[in-house]
Each structure stands twice: as C-alpha cells, then as structure tokens.
Amino acid sequence: MSRIGKMPIAIPAGVTVEVAENNKVTVKGPKGTLERVLPAEMEIKVEGAEIVVNRPNDLKRMKSLHGLTRTLVANMVTGVTAGYEKVLEINGVGYRAAKSGKELTLTLGYSHPVIMVDPEGVETVLDGQNKITVKGIDKEKVGQYAAEIRDKRRPEPYKGKGIKYADEVIRRKVGKTGKK
C-alpha cells in the first residue's frame, strides 16, 4: 500500500472541495480557487472533513498514480490556505532587480536588461535590490517561474555570482593557480 496515498487529507475550515466527473477537483479557499483534472482511474472521495484517495488495483501504474494524486490534492488544499513562496537571491557586483507593475527587470551583466512578466496567478515581490520572493497559490506555477528566473543567470561555482534559491548551497571551486 502506498504510504502517502492512503493518508487522508484534512480539509481546513473555510475550504470547500468538489469532485466533478472525470476527477476534476475544484478547491476553493481564502486565497483563491484551484482546479485540476486528476487521473480518471483514481477514486477521490470527500468524507466529512477529509479527502480520501483510493486506487482500483495494484498494477504498477496505479501504485504510482495513487501517491501522486493524493499529493496533488494536498498541494491544492495547502495552496488555497497558506499559499506557496520561493525566495531567490541575486549575488554579483552590479546585479540587481527592479519591479514596475507586473514586469520584473533583471540587470545581470548582459548588454541588455532581462525583462520578465509575472504569469497569471503568480506575483513577485522585491526585498531590496537583490532578493526576489515568488508567491502564489499554485505550487507548480510558483516553482516553474522561480526556476525560469534562476535560469537567466545560474550561480557559478568560482565566485558564486548569479541567481540562487535562498536555501541553495553552491559548491565552490578553487580557481587556477599560476606555475612557478
């Protein structure tokens, strides 16, 4: 039995969960509404104040989908109640970020500024000029946008310049030494 899949998901106060046909799950909460179509083979039931996910049989594919489906529903419930955020740090001389409306302008040592527009349902907040917080209710969108920002200038191992996650540790390397 899937250890994650068999755990029930508690529905906090102020959250409504609806399961339509084809396993279209709609979760409404204080921060917004999330919808997702989940694998049709899984059986998703709302029992009182919790959601239970069951699988039809023990085929390998069903076992894989069991835990995945439960985690996706749990992430939706967490998203509409607490939301998700990722913090990025910009390190490097002259590297900085600026925000105007929905546009995030990154100065990363290229000959041009990199302009990124916040996608729907995700917002970026600047803390100073070198700390970006990506916030939203959809875990997947928040993680994807944070990864796209980081990809504009990944941290390099010699001086540690670039955009990194706040909790990321960069493996530093020793530079070249001259012959004597």
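As the structure is a computational prediction, the values presented were derived from the model and not from experiment. (Residues numbered from 1 in each chain as written. Predicted model: local features only at pLDDT ≥ 70, side-chain atom pairs only at ≥ 80, totals over all residues. Heavy atoms only, no water.)

On to the packing of aromatic side chains, then. One pass over the full model with this rule turns up zero aromatic pairs. In this structure, K86 packs its charged tip against the face of Y165, placed 5.2 Å from the ring centre. Sitting above the plane of the Y110 ring, R153 keeps its charged end 4.3 Å from the centroid. (Phe/Tyr/Trp six-rings, centres within 6.5 Å; stacked < 30°, edge-to-face > 60°. Lys NZ or Arg CZ within 6 Å of the ring centre and 35° of its normal.)

Read across the sheet, three strands follow the order β1-β6-β5 without closing on themselves; strand pairing throughout is antiparallel. Single-partner strands in this sheet number two, and they are β1 (9-10) and β5 (43-47). With respect to the sheet, helix α1 (residues 60-81) is in contact with β1, β5 and β6 (50-54), its orientation differing from that of β6 by roughly 160 degrees. (Pairing = 2+ DSSP bridges. Helix = DSSP H or I, 4+ residues; strand = E, 2+ residues; numbered from the N terminus. Contact = heavy atoms within 4.5 Å. Axes fitted to C-alpha atoms, helices over the stretch in contact; angles between N-to-C directions.)

Turning to the pattern of salt bridges, a few remarks are in order. The tally for this structure, following the rule as stated, stands at eleven salt bridges. K45 is paired through a salt bridge with E47; the nearest N and O atoms lie 4.0 Å apart. Residue classification places E47 among the partly exposed positions, given a relative accessible area of 39%. One salt bridge in this structure joins R150 and E168, with 2.7 Å as the shortest N-O distance. With R150 in helix α2 (residues 139-151) and E168 in the segment after β13 (162-165), this residue pair connects regions lying 18 residues apart in the sequence. (Salt bridge = Lys/Arg side-chain N within 4 Å of Asp/Glu carboxyl O. Buried < 20%, exposed > 50% of the residue type's maximum accessible area, 1.4 Å probe, protein only.)

This paragraph deals with the environment of K139. The topology assignment puts K139 in helix α2. Here K139 falls in the partly exposed class, since its relative accessible area comes to 42%. Residues K139 and N91, spaced 48 residues apart in sequence, show a C-alpha to C-alpha distance of 25 Å. Not counting residues within four places of it along the chain, the set of residues in contact with K139 comprises N75 and Y84.

The subject of this paragraph is the confidence of the model for the chain. The predicted model of the chain averages 91 in pLDDT, with 99% of residues at 70 or higher. At the low end of the mean pLDDT range in the chain sits β5, at 90; at the high end sits α2, at 95. (pLDDT = per-residue confidence, 0-100.)

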